[in-house]
Amino acid sequence: MQRWIVLTVLTSALVGLAAPAQASAPVAAPAEDAATTSVTLGDVVIDPKIPSRARVDVSYLCSVADEARSLTVSVEQQDPEDSSSKAFGSSRTPEADIVCDGTVQQRQLLVQSKTVNWIPGADAVLIATVSNIGSTPSAAADSRRVKLAVG
């Protein structure tokens, strides 16, 4: 009896596979966003009153969407005279403060070094990222190497 049931189920499955495929409705292409997400780093200066703080200008563009957005900027700088000394800090803008309306937005973020003060005239690596939580593509980023100056 078991062999008959297994054989019947297997035969039914094979017949289903061999049946001609029915024409399915065409799949609509996903709607294009009004604007793609992008981010661009601007100027960066060391705060003259608090040398462990850098001010980074960032512009970003993202389309109107239901997904959450996140803007993060990080700065890393190695001391040219001491390879074991590295200044590093990052700043994340809260999701509620990210404006996504298809127009370019300008921001200035403060990045506090978690280790040592920023060194004027030394190279630093800047990275800015706008993350689209739950959408595709998941992020846009910009990075560059600059010499930090006191503002």
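Residues numbered from 1 in each chain as written. Predicted model: local features only at pLDDT ≥ 70, side-chain atom pairs only at ≥ 80, totals over all residues. Heavy atoms only, no water.

## Focus: the pattern of salt bridges
We count it as follows: The salt bridge definition used is simple: a Lys or Arg side-chain nitrogen within 4 Å of an Asp or Glu carboxyl oxygen. Numbering of helices and strands runs from the N terminus; a helix is a DSSP stretch of H or I covering at least four residues, while a strand is a stretch of E covering at least two. Here the term buried applies to any residue with accessible area under 20% of the maximum for its type, exposed to any over 50%, and partly exposed to those in between, with areas from a 1.4 Å probe on protein chains only.
Under the criterion given, the structure shown has three salt bridges. The salt bridge involving K86 is made with E76; its shortest N-O contact spans 3.2 Å. Placement of the pair is K86 in strand β4 (residues 82–93) and E76 in strand β3 (residues 68–79), with a sequence separation of ten residues. Look at K86 and you get partly exposed, because its relative accessible area is 36%. In this structure, the salt-bridge partner of K147 is D123, at a minimum N-O distance of 3.1 Å.

## Some words on the environment of L126
Counted only if it meets this: Contact criterion: two residues are considered in contact whenever any of their non-hydrogen atoms come within 4.5 Å of each other.
Structurally, L126 is set in strand β6 (residues 123–133). On a C-alpha basis, the gap between L126 and S143 in space is 5.4 Å, while along the polypeptide they are 17 residues apart. Non-local contacts of L126, meaning those with residues more than four positions away in its chain, are made with L41, V44, S74, V75, D142, S143, R144 and V146.

## Thoughts on the sheet that holds β3
Here is the rule: Should DSSP find at least two bridges between two strands, the strands are regarded as paired. Inter-axis angles, ranging from 0 to 180 degrees, are taken between N-to-C directions of lines fitted to C-alpha atoms, where helices are fitted over the stretch in contact.
Read across the sheet, four strands follow the order β4-β3-β6-β7 without closing on themselves; strand pairing throughout is antiparallel. In this open sheet, the two edge strands, each paired with only one partner strand, are β4 and β7 (139–147). Direction aside, neighbouring strands of the sheet carry axes that sit 15° apart on average.

## Some points on the pairing of strand β2 (residues 53–61)
Inspection of the sheet shows strand β1 (residues 38–46) paired to β2 by seven bridges, in the antiparallel sense. The partner of T40 across the bridge, within β2, is S59. Hairpin connection of β1 to β2: six residues between the antiparallel strands. In this structure, β2 lies alongside strand β5 (residues 105–112), joined through eight bridges in antiparallel fashion. Bridge pairing in β5 links R55 to L110.

## Focus: the sheet that holds β5
In spatial order, the strands read β5-β2-β1-β8; together these four strands make up an open sheet with mixed pairing. Two strands lie at the open edges of the sheet, namely β5 and β8 (149–150), each paired on one side alone.

## A word on the confidence of the model for the protein
Note the threshold: Each residue carries a pLDDT value, the predictor's own confidence for that position, ranging from 0 to 100.
Summing up the model confidence of the protein, the mean pLDDT is 80 and the portion of residues at 70 or higher is 75%. Across the protein, element-level confidence peaks in β2 with a mean pLDDT of 96 and bottoms out in helix α1 (residues 2–18) with 43. Of the regions scoring below 50 in pLDDT, residues 1–34 engages in two contacts with residues more than four places distant in sequence or in other chains.

## As for the environment of P51
The topology assignment puts P51 in the loop between β1 and β2. For P51, a relative accessible area of 34% translates into the label partly exposed. On a C-alpha basis, the gap between P51 and S113 in space is 8.9 Å, while along the polypeptide they are 62 residues apart. Setting aside chain neighbours within four positions, we find P51 in contact with I46, N117 and W118.

## Topic: the pairing of β6
Of the two faces of β6, the one holding A124, L126, A128, V130 and N132 is buried and the one holding D123, V125, I127, T129, S131 and I133 is not buried anywhere. As paired elements, β3 and β6 share nine bridges and run antiparallel to each other. The residue bridging V75 from the neighbouring strand is L126, located in β6.

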